[in-house]
Amino acid sequence: MDASDGRPETPEQRSDRNWSELLQELRVMQTGVQLLTGFLLTLPFQPRFADLSTPQRVGYLMLVVVAALTTGLAVAPVALHRALFRKHLKARLVTAADHMTRAALLLLAVLVAGVVALVFDVVVGTVAGAVTGGAAIVVLVGLWAVLPAVIRARREP
């Protein structure tokens, strides 16, 4: 039993708990990724899509690629679990899935900021798109990276 964090659990129990927590996080993230990807995939079928400038189309296609990569990373832990099922590698699975999920979160921040930038670019203009896309990335990095780092730094010893 390892109680270094106040939990009397075996390494296997810890891996099981961490895996369950990670799956819950992935469920939340996958919903957002799926909604954004679906939104992006419907755009070319809208009448106004033909009015996009070449840079807007390039930006759109880059966002589709980022959405596909984000989807792949968000689903990869499930595929990895299937490949490693009953191989007694849960701790390695959890570690690898954690890395994939962190990478997916990074790409999700890029995706969200990119979609915001594209929408503002089309509706208001290029400067508005750049400003709002930049603001979105700053807010997301603040919420998803800076805030957790501040909380970790302030925890009681």
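Here's what I pulled together on the structure shown here. (Residues numbered from 1 in each chain as written. Predicted model: local features only at pLDDT ≥ 70, side-chain atom pairs only at ≥ 80, totals over all residues. Heavy atoms only, no water.)

### Examining helix 1 (residues 11-42)
In a regular helix each residue adds 1.5 Å, so 32 residues correspond to 46 Å; helix 1 covers 46 Å between its end C-alpha atoms and thus fits that length. Inspection of helix 1 places R14, S15, R17, W19, L22, L26, M29, Q30, V33, L36, T37 and L40 among the buried residues, and these make up the whole buried set. Here the buried face of helix 1 lies against helix 2 (54-84) and helix 3 (90-123). (Helix = DSSP H or I, 4+ residues; strand = E, 2+ residues; numbered from the N terminus. Expected span 1.5 Å × (residues − 1). Buried < 20%, exposed > 50% of the residue type's maximum accessible area, 1.4 Å probe, protein only. Contact = heavy atoms within 4.5 Å.)

### Some words on helix 3
Over its 34 residues, helix 3 extends 48 Å from the first C-alpha to the last, a length consistent with the 50 Å expected when each residue adds 1.5 Å. Among the residues trailing helix 3, G125 stands out with phi positive, at a value near 150 degrees.

### With respect to the nonpolar core
Soluble, globular proteins show a tendency: their nonpolar side chains are buried together. Formed by 23 residues in total, the largest nonpolar core has its most connected members in M29, L40 and L111. Mapped by element, the contributors of at least two residues to this core are helix 1, helix 2 and helix 3. Setting aside residues no more than four positions away along its own chain, M29 makes contact with A74, T101, A104, L105 and L108. (Core = buried A, V, L, I, M, F, W, Y, C linked by side-chain atoms within 4.5 Å.)

### Description of a nonpolar patch on the surface
A surface patch of nonpolar side chains, amounting to about 540 Å² of accessible area, comprises L105, V139, L143, W144, L147 and I151. A total of five residues in the nonpolar patch trace back to one element, the largest contributor, which is helix 4 (residues 126-154). Counting through the fold element by element, I151 comes out in helix 4. (Patch = residues over 30% accessible without salt bridge, like charges linked within 9 Å, V, L, I, M, F, W, Y side chains within 5 Å. Areas by Shrake-Rupley, 256 points an atom, 1.4 Å probe, with all protein chains shown as cover. Salt bridge = Lys/Arg side-chain N within 4 Å of Asp/Glu carboxyl O.)

### So, the packing of aromatic side chains
Counted by the stated rule, this structure contains one aromatic pair. With 5.1 Å between their ring centres and 75 degrees between their planes, F49 and Y60 make a pair best called edge-to-face. In this pair, F49 is assigned in the loop between helix 1 and helix 2 and Y60 in helix 2, connecting sequence segments eleven residues apart. For the pair shown, F49 and Y60 are each scored as buried. The ring of F85 is capped by R82, whose NZ or CZ atom sits 4.5 Å from the centre of that ring. (Phe/Tyr/Trp six-rings, centres within 6.5 Å; stacked < 30°, edge-to-face > 60°. Lys NZ or Arg CZ within 6 Å of the ring centre and 35° of its normal.)

### Side note on the packing of helix 1 against helix 3
Between two packed helices, both the angle of their axes relative to each other and the distance between the axes serve to describe the pair. Viewed as axis vectors pointing N to C, helix 1 and helix 3 meet at an angle of 25 degrees, and their least axial separation amounts to 10 Å. By the angle class used here, helix 1 and helix 3 are roughly parallel. Both helix 1 and helix 3 take part in a crossing whose hand is left-handed. Per-class residue counts for the contact of helix 1 with helix 3 are 19 nonpolar, three polar and three charged. (Axes fitted to C-alpha atoms, helices over the stretch in contact; angles between N-to-C directions. Parallel < 35°, antiparallel > 145°, perpendicular 65-115°, else oblique. Left-handed = near helix turned anticlockwise from the far one by under 90°. Nonpolar A, V, L, I, M, F, W, Y, C, P; charged D, E, K, R; others polar.)

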